[in-house]
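Coordinate inspection notes
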Amino acid sequence: MTQAERDRLVALKKAKKKLITQKQAAEEIGVTERQVRRLLRKLRRKGDRAVIHELRGRASNRKLPAEMEQRAMTVLSDPVYRGFGPTLAAEYLHKRHQITVSKETVRQWMTKAELWQAGRRRLVEVHPWRQRRSRWGELVQWDTSVHDWLEGRGEQIYLISMIDDATSRLFARFVRHDSSAENMRMLWAYVERFGRPLAFYTDKAGMFQVAVKTKRQEQREGRDRPEMPPTQIARALRELGIVWIPAHSPQAKGRVERQFLTAQDRLVKGMRVAGVHTIEDANAYLEKEYLPWWNQTLAVEPADAADAHRPLAKESDLAAILSHVEQRQVTNDYTLRYRGKMFQIDRLDIRVGMRKAMVRVEERLDGTIAVCFQDTYVRVRRCAPLGCEPHQVEAKAATAPRPPGQAKRKSDWMKNFSVRSGPSLRQAIEVSNARD
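Calculation notes
- Residues numbered from 1 in each chain as written.
- Predicted model: local features only at pLDDT ≥ 70, side-chain atom pairs only at ≥ 80, totals over all residues.
- Heavy atoms only, no water.
- Pairing = 2+ DSSP bridges.
- Helix = DSSP H or I, 4+ residues; strand = E, 2+ residues; numbered from the N terminus.
- Axes fitted to C-alpha atoms, helices over the stretch in contact; angles between N-to-C directions.
- Phe/Tyr/Trp six-rings, centres within 6.5 Å; stacked < 30°, edge-to-face > 60°.
- Buried < 20%, exposed > 50% of the residue type's maximum accessible area, 1.4 Å probe, protein only.
- Contact = heavy atoms within 4.5 Å.
- Salt bridge = Lys/Arg side-chain N within 4 Å of Asp/Glu carboxyl O.
- Polar contact = N/O pair within 3.5 Å; in protein donor to acceptor, adjacent residues only side chain to side chain.
- Patch = residues over 30% accessible without salt bridge, like charges linked within 9 Å, V, L, I, M, F, W, Y side chains within 5 Å.
- Areas by Shrake-Rupley, 256 points an atom, 1.4 Å probe, with all protein chains shown as cover.
- Lys, Arg positive; Asp, Glu negative; His and termini not counted.
- Charge placed at Lys NZ, Arg CZ, Asp CG, Glu CD.

Focus on the sheet that holds strand 12 (residues 380-383)
With antiparallel pairing, the three strands of this open sheet are ordered in space as 7-8-12. At either margin of the open sheet sits one strand with a lone partner, and together these are strand 7 (335-338) and strand 12. Shown here is a sheet whose adjacent strand axes are inclined to one another by a mean of 35 degrees, direction ignored.

Observations concerning the packing of aromatic side chains
Under the defined criterion, the tally for this structure stands at 14 aromatic pairs. With centroids separated by 6.3 Å and ring planes inclined at 70 degrees, the aromatic side chains of Tyr81 and Tyr92 adopt a geometry described as edge-to-face. Of the two residues, Tyr81 sits in the loop between helix 4 (66-76) and helix 5 (86-97) while Tyr92 sits in helix 5, which places them eleven residues apart along the sequence. Like Tyr92, Tyr81 is buried. Here Trp136 and Phe194 contribute two aromatic rings whose centre-to-centre distance is 5.7 Å and whose plane-to-plane angle is 75 degrees, an arrangement assigned as edge-to-face. Linking Trp136 in the loop between helix 6 (103-112) and strand 1 (140-146) with Phe194 in helix 7 (residues 180-194), this pair joins segments that are 58 residues apart in sequence.

Things to note about the environment of Phe171
You can see Phe171 is positioned in strand 3 (residues 170-175). Leave out the neighbours within four places in its chain, and Phe171 touches Ile160, Ser161, Met162, Met186, Ala189, Tyr190, Arg193 and Phe194.

Thoughts on the pattern of salt bridges
Within the structure shown, the criterion is met by 25 salt bridges. One salt bridge connects Arg176 with Glu155, and the closest N-O pair in it is separated by 3.2 Å. In this pair, Arg176 is assigned in the loop between strand 3 and helix 7 and Glu155 in the loop between strand 1 and strand 2 (158-164), connecting sequence segments 21 residues apart. Since its relative accessible area comes to 36%, Glu155 is described here as partly exposed. Between Asp265 and Lys269 there is a salt bridge, with its nearest N and O atoms 2.5 Å apart. Pair noted here: Asp265 and Lys269 are both in helix 9 (residues 254-274), with a separation of four residues, about one helical turn. Using a relative accessible area of 8% as the deciding quantity, one classes Lys269 as buried. Through salt bridges with shared partners, a single ionic network connects Arg235, Glu239, Arg360, Glu362 and Arg364.

As for the side chain of His309
For His309, the position within the fold is in the loop between helix 10 (279-297) and helix 11 (318-321). One polar contact links His309 to Tyr190, side chain to side chain, over a distance of 2.8 Å. Side chain to side chain, His309 and Asp307 meet in a polar contact 2.8 Å long. For His309, the residues in contact, after removing those within four places along its chain, are Trp136, Gly137, Tyr190, Phe194, Gly195, Arg196 and Pro197.

What to know about a positive patch on the surface
Taken together, Lys16, Lys17, Arg34, Arg37, Arg38, Arg41, Arg44 and Arg45 make up a surface patch of like positive charges. The element best represented in the positive patch is helix 3 (residues 33-46), accounting for six residues. Taking relative accessible area as the criterion, Arg34 reaches 56% and is therefore assigned exposed.

As structure tokens, this is what we get:
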């Protein structure tokens, strides 16, 4: 019996003994006089238990069967569901095992079965809140996550993600290397599918910004950053007309960072349940399962329904823009060198002013080489420089090694050569003067 029930019982007994009126008892208990009369009749029949609710101790009519709880805990005890939280576990029980219960019920079941231990939420550092952009495609956050995505079942892979700031729409792909080439392929796929966004928001990684070299023990705080040449991705973004914005801290691009935390939990466990072992299977699961779930569940409507993505211009060639570009000088014989190899310009493509001129050399993502001179592509072929042709050299007969302790034979390179048999110096001078 609770303290409130004891207080109610005391007021009812006072009213029963006529120490107070039923109206005063009703005001003290907080009920109507009619309810007080019902409680007094119940008090005469059942005694002190009249103030205790009759459903106390009885199972609810909506209680789930014990067999369902046992079956659910048997499923979640499987090693494949290791580390699942109540929310994710409730989704998988409904989707894969047809056990439909609320996440709070699953939380109680998992806590009782010692499959989940609730922890106290820690106080995290508070950063200034930044309002979302108003339109889809106005700002896209771009980053790569290094994580054991396959949990040791396959090779090391990386997840490149692009998330829209206004809507939280996600576009992602697994790659084998976090390189400029893989990020260019990701940018190519995004631009082909959605168009050119107004700006990309990234960190200051080496593929986006050339690092300033400083001497040892030298600090650059408070000093202006010198002008540095753009990286290949920075040049490609400039040619596409996309603004690049660097983030000064991980918290500044918190949307993509929090997305990685969710992926490292739900995506990893989902691929574990699906039995993903290769990067091909990982990308297939990403496209068919995870990205649709994210964009349908976690994406939001923008403040402005207009799409800020711009279409790709007809004259824009993604294969040329998204490539490794360098400048090379044409020699007098209309050749150029690139990565230690020599290329000859086709005779039919030679133009006036090409000698000693600078040309644009593009190493495409498919490995091909393209050379552009004054906005016109010329045909080139790889050739070997003069003097590098292989020569046939006669193989020398192998000689037996000299036995240890035996003296080396004297060389006979001066055999039949005598200094005395030649003319003297005076005679040589006289002969030379006579010839003159």
